[in-house]
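# Examination of the molecular architecture
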2 protein chains.
Amino acid sequence: MKRVRIVLAGYGNVGYRFAEIMKDKYKAVSQNYGLELQLVAVIGRRYAVYEDRGISLDKLLDCGKHGKGLAGYGEGAYPIESSLDILKNIRAHVLVEATPTNIETGEPGYSHMRQAFRSGMDVVALSKGALVCHYREIMEEMQKHHRRIKVSGATAAALPTIDMGQYNLAGNDIYRIQGIFNGTTNYILTRMHKEGIPYHAALKEAQEKGIAEADPRLDVGGFDTASKLLILVNSLMNTAYTLKDIEIQGIEKIDGKDIMEARQKDRTIKLVGEAFRTEDGIKMQVRPMELENSNLLSKADYKDKAVVFYTDLMGTISVIGGGSDPKAAAAAAFKDIINLYK
Amino acid sequence: MKRVRIVLAGYGNVGYRFAEIMKDKYKAVSQNYGLELQLVAVIGRRYAVYEDRGISLDKLLDCGKHGKGLAGYGEGAYPIESSLDILKNIRAHVLVEATPTNIETGEPGYSHMRQAFRSGMDVVALSKGALVCHYREIMEEMQKHHRRIKVSGATAAALPTIDMGQYNLAGNDIYRIQGIFNGTTNYILTRMHKEGIPYHAALKEAQEKGIAEADPRLDVGGFDTASKLLILVNSLMNTAYTLKDIEIQGIEKIDGKDIMEARQKDRTIKLVGEAFRTEDGIKMQVRPMELENSNLLSKADYKDKAVVFYTDLMGTISVIGGGSDPKAAAAAAFKDIINLYK
């Protein structure tokens, strides 16, 4: 049995689900993979919990369930002066970075990841900001300390994207990737297509259902899609592009007339993130595209995501689905941990 | 740089493509994965080629291209007395088993695999027979010698099935798998659906195009689908079922009336291999199913394959496509080698 000591940074929806999965799957993971997963610290916004001999998941989940915050954990909970101090002083194998994504600064994820590498930890990323803003620096810091990173949870989560490219398609030249990486915009476009409701009504509905944020610009403006595309391309192609290298167009200008015209041609409008090889390097763009019915991306509806890989040896492979909720995102990080240490 | 010494058993279409990929990807694999892949022996039906310092891929491919057979390799080619003697005496890391599949006896793959394990090699399987007939014995022999096996090429090849379950969905409980695992029957059913041609005409066309065998019973009778389902389930669920545990029904009895009725209901008939958990263990069946349009398996047409995983944490994930030709099958074995040694 191999023990894996885990630090979780961020205890929002996804962090809570991650702790829940750790509890539910404790036995299965030890039986199936010979791994004993042990949570030794949780870093929240104002409080942290750490216990060198392992945090009680029952007590932790209880804090989450009743909105008590981490302070409610009792003995073992401390007000945070510096989250970096915790990462400096704790012995652990891996940091699960699940703080809120900020694609302007990359913080606090960026500082957390760097400190984790310096403290000898691997990193499993759920937050996208640091990877979007500082990909090259993160890779350099990681290599310097001979550590590893996994980012499934930051690139469409339960939909396998990076794993597909790195593992299932190993040895192939992937010359084009197309994907629907954002569930919110796909939900809005699907509602517009299937029910003929206008953009603003579909957006409002998505907000009321908790699918879209109160400030939906990151989603409908295409920036979330672009962020995921960026991380995917940098991971698979061994590049260090930034958001500036992507042409980004959102769905705000799609109206009923566009939808109607697409339908008449038996096509579907989807917000597609795309990367392909050209003579001048890799071209990346995010834009609403009219897809033919033969493109399987057109079959991903509502909150579903999808990705299509075009390869030299194995032809075209499409992956569609995977939950689009905090549990599925947490499960992506959980999978990364298993694959790192099994 | 890590050198990987490879023995290839079977030099038919797939074996030839495997050697071709080894040549084309030599540089890319050393650059991207730090692996130097070296072919040290090829075992054909009557001749074998072995060269301790590495076979010339150019000379080998030349034998294949001009139908000269391995004898045409010249110095380094020997008439075979016993293929097992070669596996006994050669130093190599991995056997790529690409001899013809025989699901009655599992030979010659079974003897090859056992001897490979005993000689300290890992196994990458393209042939299905041994895995179908002797799964438990193969696993036991492998464990006894602390070796590993990868079988992507024996379970729908370029369509990632086992990798998906073992890697991309690690930590999930997969409670149902549905798949279209056989390109030949899918081609026939697609032609019947889309063009309304009768079963026997579609089968004849598939035979003329080289998609179906002269004796098509393994495909149209559902046995090829069942074999792949069996290997997939045994690999993912850690079981040791045999073909007898699968209810198998082929497509021979599907006629124009069935197709018409399905179309009227906006459904599609596909030959589906399915496994799901019940209170009495895992139930497995292969049969023609009328699929609703919402089931993405219905979108796999002609020679395409597809698989749907139903999971507890990550929802439903569908994978569709992947080449259905000898090159794609060989690429699946090539991928397995990279993932074993990278």
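What counts and how
Throughout this description, residue numbers start from 1 for each chain and increase along the sequence as written. Each chain is given a letter, starting from A, and each ligand a number, starting from 1, according to the order in which they appear as written. Only residues with pLDDT of at least 70 get local features here, since the model is predicted, and only at 80 or more are side-chain atom pairs given and counted; chain-wide, interface and lining totals rely on the full set of residues. Hydrogens and water molecules were not included; the side-chain quantities draw on all heavy atoms of the structure. In this description, contact between two residues means that some pair of their heavy atoms is separated by no more than 4.5 Å. In short, buried area is how much 1.4 Å probe accessible area vanishes from two parts on joining, totalled over both. When a carboxyl oxygen of Asp or Glu is within 4 Å of a side-chain nitrogen of Lys or Arg, the pair counts as a salt bridge. The term polar contact refers here to a pair of N or O atoms within 3.5 Å; inside protein, the definition further demands a hydrogen-donor-capable atom paired with an acceptor-capable atom, and it admits residues adjacent in sequence only when both atoms are side-chain atoms. Paired strands, in this sense, are two strands between which DSSP finds at least two bridges. What counts as a helix is a DSSP run of H or I of at least four residues, what counts as a strand is a run of E of at least two, and both are numbered from the N terminus. UniProt positions are given in the numbering used here, feature names are shortened, and annotations may be inferred rather than shown by experiment. The buried label applies to any residue whose accessible area, calculated with a 1.4 Å probe on protein chains only, is under 20% of its type's maximum; exposed applies above 50%, and partly exposed to all values in between. Only C-alpha atoms enter the line fits that serve as axes; for helices the fit covers just the stretch in contact. Angles between N-to-C directions range over 0 to 180 degrees. Here roughly perpendicular refers to angles of 65 to 115 degrees, roughly parallel to angles under 35, roughly antiparallel to angles over 145, and oblique to all remaining angles. In a left-handed crossing the near helix is turned counterclockwise from the far helix by less than a right angle, and in a right-handed crossing that turn is clockwise. Following the grouping adopted for this structure description, the nonpolar residues are Ala, Val, Leu, Ile, Met, Phe, Trp, Tyr, Cys and Pro, the charged ones are Asp, Glu, Lys and Arg, and the polar ones are all others, Gly among them.

### A closer look at the interface of chain B and chain A
Contact residues are listed per partner, giving 39 residues for chain B and 39 residues for chain A. Here chain B meets chain A over a buried area of about 3100 Å², counting both sides, of which 60% is carbon and sulfur. Linking chain B with chain A are two salt bridges. Across the pair Asp312(B) and Lys25(A) runs a salt bridge whose closest N-O atoms are separated by 2.7 Å. Taken together, chain B and chain A are joined by 21 residue pairs in polar contact (both at pLDDT 80 or more). The pairing of strand S13 (residues 316-321) of chain A with strand S13 (residues 316-321) of chain B spans five bridges and is classified as antiparallel. When the sheet's bridge partners are listed, Ile317(A) is paired in S13(B) with Gly321(B).

### What to know about the UniProt feature "active site" (unreviewed entry) in chain A
All names here are of chain A. The UniProt record annotates "active site" (unreviewed entry) at Lys228. On the secondary structure map, Lys228 appears in helix H12 (residues 223-237). Judged by relative accessible area, which is 9%, Lys228 ranks as buried. Once residues within four sequence positions are removed from consideration, Lys228 is found in contact with Lys128, Ala154, Thr155, Ala156, Phe181, Asn182 and Lys305. In terms of polar contacts, Lys228 uses its side chain to reach the backbone carbonyl oxygen of Phe181, at 2.9 Å.

### Details of the pairing of S13(B)
All names here are of chain B. Counting buried positions over the six residues of S13 gives five, a clear majority of the element. Examined bridge by bridge, strand S12 (residues 306-311) and S13 share five bridges and lie antiparallel to one another. By the bridge assignment for S13, Val308 is matched with Ser318. Remark: four residues form the turn of the hairpin made by S12 and S13, two consecutive strands paired antiparallel; Gly315 in that turn has positive phi of roughly 75°.

### Overview of the packing of helix H1 (residues 13-24) of chain A against helix H14 (residues 326-341) of chain A
Two quantities define a packed helix pair, namely the angle between the axes and the distance from one axis to the other. Residues and elements named next belong to chain A. As a packed pair, H1 and H14 sit with axes 8 Å apart at the nearest point and diverge in direction by 55°. The pairing of H1 with H14 is recorded here as oblique in orientation. Judged by the sense of rotation from one axis to the other, the crossing of H1 with H14 is right-handed. Residues Asn13, Val14, Arg17, Phe18, Ile21 and Met22 of H1 touch H14, and the partners they reach there are Pro326, Lys327, Ala329, Ala330, Ala331, Ala333, Phe334 and Ile337. In terms of residue class, the contact of H1 with H14 is made up of eleven nonpolar, one polar and two charged.

### A short note on the UniProt feature "binding site: L-homoserine" (unreviewed entry) in chain A
Residue and element names in this part refer to chain A. Within this structure's numbering, the places UniProt gives as "binding site: L-homoserine" (unreviewed entry) are Glu213. Relative to the elements of secondary structure, Glu213 occurs in the loop between helix H10 (199-208) and helix H11 (217-220). Beyond its immediate stretch of four places on either side in the chain, Glu213 contacts Gln207 and Asp219.

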